[in-house]
Amino acid sequence: MKRIAVFTSGGDAPGMNACIRAVVRGAIYYEVEVYGIYQGYQGMIAGDMVKMESYSVSNILQRGGTILKSARSDDFKTKAGRKLAYNNLNAKGIEGVIAIGGDGSFTGATIFYEEYGIPIIGIPGTIDNDIYGTDKTIGFDTAVNTTLDAIDKIRDTADSHGRIFFIEVMGRDSGYIAIQSAIGGGAESVILPERDVTAEDVVSNLQDGIRRDKSFSIVVVAEKDDPGYSVELANAVKEAITDKDIRVTILGHIQRGGAPTATDRTLASRLGLGAVEGLLDGKKDVMVGIVNDDMIYTPLKDAISKDKPLNPDLIRAMKILSL
Ligand code: ADP
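All of these numbers come straight from a predicted model, not from anything done at the bench.

The next subject is the packing of aromatic side chains. Note on aromatic pairs: each is described by the distance of the centres and the angle between the planes. Enumeration according to the criterion identifies eight aromatic pairs in this entry. With centroids separated by 4.4 Å and ring planes inclined at 10°, the aromatic side chains of Tyr 86 and Tyr 116 adopt a geometry described as stacked. One end of the pair, Tyr 86, is in helix α3 (residues 79–91); the other, Tyr 116, is in helix α4 (residues 103–116), with 30 residues separating them in the sequence. Through a chain of ring-to-ring contacts, the aromatic side chains of Phe 7, Tyr 41, Phe 76, Tyr 86, Phe 112 and Tyr 116 assemble into a single cluster. Taking NZ or CZ as reference, Lys 224 lies 4.4 Å from the ring centre of Tyr 229, over its face.

What follows is the structure, encoded as structure tokens:
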């Protein structure tokens, strides 16, 4: 394999730049040319790609976002769009592709592989951490650290005024960010998509705390389909707890930005290099991940379809420690 391409796709995540750098430097180390495709699948269809050199990725390791930009592409969901994309890769002599993104991007990748047989390796880049085949996804650790920074600040003001705060975090299908934010942020309650918790449960939990003389409380809420679920819950709780000031903070896209943590920089760097080495080793239609500190390659279909359930021990710890 003499020429490969890399792109970032779907929701962006801190650490994607560190990963692009690792792919580019890894490829150059093995004397493989590497192209960067802009705007994910949309750029593949438009032929928006440039050859990258070692200096193209200088000084990006520590930056959030993605220098290759990210996009969602409805055209790639059509056969005609994918044909254009393949023709563009073919015209440049690209023999392998590395896709940094989430399960949507991997779905596109595996369909593309089935149709055209071009070797493709996925790298899990999403703050949600909801991908099977890797202990952590790129961006998750940074996102949780961002929520903790915000929760710490909110705790100060919650404490000063004796308030109950509902803090909404990302993760509409998976509670990884919520549970770690709740444990690390010392929350009284957490609302996860994996568990059915009603407003009555939250009220009873908060009232227990108030009886034990808690002067303020934090409730971490994983967003639902649209941001704003925390407002709905807070309004329901306000009807039952009338003698406390109840406030809501929705953290939103702040969780997607910022400099990646040490953990994310290392993970992104290892996975980027692992993807290049996987391609050169003949692997295709797989995702590279790290499980128990070992690099492993999982079929894209499994990465997309298999569940990675929350460790119940986290939920147990959360319950005990919020006493
Ligand atoms: P993420 O990768 O973060 O999960 P998305 O779900 O938005 O993000 O997917 C990113 C892109 O992957 C989509 O905009 C689309 O171009 C491509 N994609 C997703 N699903 C399919 C599909 N079924 N067929 C072809 N391409 C797809």
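More follows now that the structure is in view.
To continue, consider the packing of α3 against α4. Axis separation between α3 and α4 bottoms out at 11 Å; the angle between their running directions is 70°. It follows from the interaxial angle that α3 and α4 lie roughly perpendicular. Residues Lys 79, Arg 82, Lys 83, Ala 85, Tyr 86 and Leu 89 of α3 form the contact with α4, whose own contacting residues are Ile 111, Phe 112, Glu 115 and Tyr 116. Grouping the amino acids of the contact of α3 with α4 by side-chain chemistry returns six nonpolar, no polar and four charged.

The next point concerns the nonpolar core. The biggest cluster of nonpolar side chains holds 59 residues, and the ones touching the most others in it are Ile 4, Val 34, Ile 98, Ile 123, Val 190, Ile 218 and Val 220. Per-element tally for this core: the top contributor is helix α5 (residues 140–161), with eight residues. The residues that make up this core include at least three from each of domain 1 (3–139 + 260–305) and domain 2 (141–256). For Ile 123, the contacting residues outside a window of four places in its chain are Cys 19, Val 23, Ile 98, Ala 99, Ile 100, Gly 101, Phe 106, Ile 138, Leu 271, Gly 272, Ala 275 and Val 288.

In this structure, the largest pocket occupies an estimated 1000 Å³ of space. Only α2 (40–46), α4 and β6 (164–169) provide two or more residues apiece to the lining of the largest pocket. When residues of the lining of the largest pocket are assigned to their parent elements, the largest contribution, six residues, is made by α4. Taken together, the residues that form the lining of the largest pocket break down as ten nonpolar, 19 polar and 13 charged.

Here we have seven strands laid out as an open sheet, ordered β3-β2-β1-β4-β5-β10-β11, and mixed in their pairing. The sheet is open, and its two edges are formed by β3 (49–52) and β11 (294–299), each paired on a single side. Across this sheet, the average inter-strand angle for adjacent strands is 30°, counted without regard to direction. Bridging between strand β1 (residues 3–8) and strand β2 (residues 33–37) involves four bridges; their strand directions are parallel. Looking across to β2, one finds that Ile 4 is bridged to Val 34. Sheet strands touched by α4: β4 (96–101), β5 (120–124) and β10 (286–291). Its angle to β5, the strand with the most contacts, is close to 170°.

When the parts of a complex come together, some accessible area is lost, and that lost area is often used as the size of the interface. Looking at the assigned domains, one finds that the chain contains domain 1 (3–139 + 260–305) and domain 2 (141–256). Each of domain 1 and domain 2 has a C-alpha centre, and the two are 34 Å apart. With 13 residues of domain 1 at the interface, the matching set in domain 2 holds eleven residues. Sorting the residues of domain 1 by area buried against domain 2 places Ile 127, Asp 128 and Thr 261 first, and these three jointly supply 42% of that buried surface.

Turning to the sheet that holds strand β7 (residues 189–191), a few remarks are in order. Pairing is parallel across the open sheet formed by four strands, whose spatial order is β7-β8-β6-β9. The sheet is open, and its two edges are formed by β7 and β9 (246–250), each paired on a single side. Strand-to-strand twist in this sheet, taken as the mean axis angle between neighbours without regard to direction, amounts to 20°. Across five bridges, β6 lies against β9 in parallel orientation. Across the sheet, the residue bridging to Ile 164 is Ile 246, located in β9. This element, helix α8 (residues 229–240), spans β6, β7, β8 (217–222) and β9 of the sheet and lies at about 175° to β9.

Cut-offs applied
Residues numbered from 1 in each chain as written. Predicted model: local features only at pLDDT ≥ 70, side-chain atom pairs only at ≥ 80, totals over all residues. Heavy atoms only, no water. Phe/Tyr/Trp six-rings, centres within 6.5 Å; stacked < 30°, edge-to-face > 60°. Helix = DSSP H or I, 4+ residues; strand = E, 2+ residues; numbered from the N terminus. Lys NZ or Arg CZ within 6 Å of the ring centre and 35° of its normal. Axes fitted to C-alpha atoms, helices over the stretch in contact; angles between N-to-C directions. Parallel < 35°, antiparallel > 145°, perpendicular 65-115°, else oblique. Contact = heavy atoms within 4.5 Å. Nonpolar A, V, L, I, M, F, W, Y, C, P; charged D, E, K, R; others polar. Core = buried A, V, L, I, M, F, W, Y, C linked by side-chain atoms within 4.5 Å. Buried < 20%, exposed > 50% of the residue type's maximum accessible area, 1.4 Å probe, protein only. Domains from an automatic or database assignment. 1 Å grid on protein atoms, 1.4 Å probe; cavity = no way out; pocket = protein on both sides within 12 Å on 5 of 7 lines; lining within 4 Å. Points joined across faces, edges and corners; volume = space filled by probe spheres on them. Pairing = 2+ DSSP bridges. Buried area = accessible area lost by both parts, 1.4 Å probe.

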